[in-house]
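# Working through the structure, step by step
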Amino acid sequence: MNATEFSALLVLATATSFTPGPNTTLSTALAANFGLRRALRFIVAVPVGWGLLFTLCTAGVGALVMAVPVLRWAILLGGTGYLLWLARRLWGSRSMTQADPARLNVGFWQGVGLQFLNIKAWMLALSIVAGWIAGQADALARYAAVLPVLLAYAFFSNFSYALVGSLLRHWLAGPVVDGQATGARLQAFNRLMSLALVLTAVWMVAGGAGLNGKVGA
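Owing to the predicted nature of the structure, the values given are computational and were not obtained by experimental measurement. (Residues numbered from 1 in each chain as written. Predicted model: local features only at pLDDT ≥ 70, side-chain atom pairs only at ≥ 80, totals over all residues. Heavy atoms only, no water.)

So, on to the packing of aromatic side chains. This model, assessed by the stated rule, comprises seven aromatic pairs. Ring centres 5.0 Å apart and planes at 10 degrees place the aromatic pair Trp 50 and Phe 54 in the stacked group. With a gap of four residues between them, Trp 50 and Phe 54 both fall in helix 3 (residues 36–58), about one helical turn apart. Classification of Phe 54 by relative accessible area gives buried; the value is 0%. A centroid spacing of 5.7 Å and a plane angle of 15 degrees characterise the contact between Phe 54 and Tyr 143, whose relative ring orientation is stacked. Here the residue Phe 54 occupies a position in helix 3, and Tyr 143 occupies one in helix 8 (residues 139–167), the gap between them amounting to 89 residues. Across the pair, exposure class does not vary: Phe 54 and Tyr 143 are buried alike. Grouping aromatic residues by their ring pairs yields a cluster made of Trp 50, Phe 54 and Tyr 143. Just above the ring of Phe 34 sits the side chain of Arg 38; from NZ or CZ to the centre is 5.0 Å. (Phe/Tyr/Trp six-rings, centres within 6.5 Å; stacked < 30°, edge-to-face > 60°. Helix = DSSP H or I, 4+ residues; strand = E, 2+ residues; numbered from the N terminus. Buried < 20%, exposed > 50% of the residue type's maximum accessible area, 1.4 Å probe, protein only. Lys NZ or Arg CZ within 6 Å of the ring centre and 35° of its normal.)

The end-to-end C-alpha separation of helix 7 (residues 119–133) is 20 Å, in line with the 21 Å expected for 15 residues at 1.5 Å each. The buried count for helix 7 comes to eleven of 15 residues, which makes it a mostly enclosed element. Of all the residues in helix 7, the buried ones are Ile 119, Lys 120, Ala 121, Trp 122, Leu 124, Ala 125, Leu 126, Ile 128, Val 129, Trp 132 and Ile 133. Immediately downstream of helix 7, the backbone of Gly 135 shows phi near 80 degrees, a positive value. (Expected span 1.5 Å × (residues − 1).)

In structure tokens form, the structure reads like this:
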């Protein structure tokens, strides 16, 4: 892989990893409600899940899935339904005590599984395979070089969003009235994150509907 190809890969990785999506939204919400340490389980799960997804796409499974409408729509609708369910749970959280794992239960394995329901993750993996790996004589070497770079982007993008959420955690617990934290700011924040998940779900449906015949072309 020459310098031009690698630079283009970094631009794509930056644009897709650091823009808002289901992973970054959940990383922010988890850190704001539970703290950075609790959010780390999900943050680590994202690159693990995406790495598995990317490996499957490199092996040709991704293109097969996207070429079969029933499978593609199962992934799309499953991911959309899960995001809407999380949005509903997040909407009602007003205080740190209400924002418990029973309300927003997204741990390590949920985070890994979410990558397989995330159409944005599929599109990124398939784009990289098509543009940088498939059909190349050194495909295996390219896969080995690309994978750690993308895993690092997946981790640090979500960690960055979670760090912002954790820094806002104390402020979000207020305002304080009569010595008690009202959690009004946290409720507003959680509802904003909930709306972000809903908009992401809408974007996933709109984007997924346009994938017919485009994957692998």
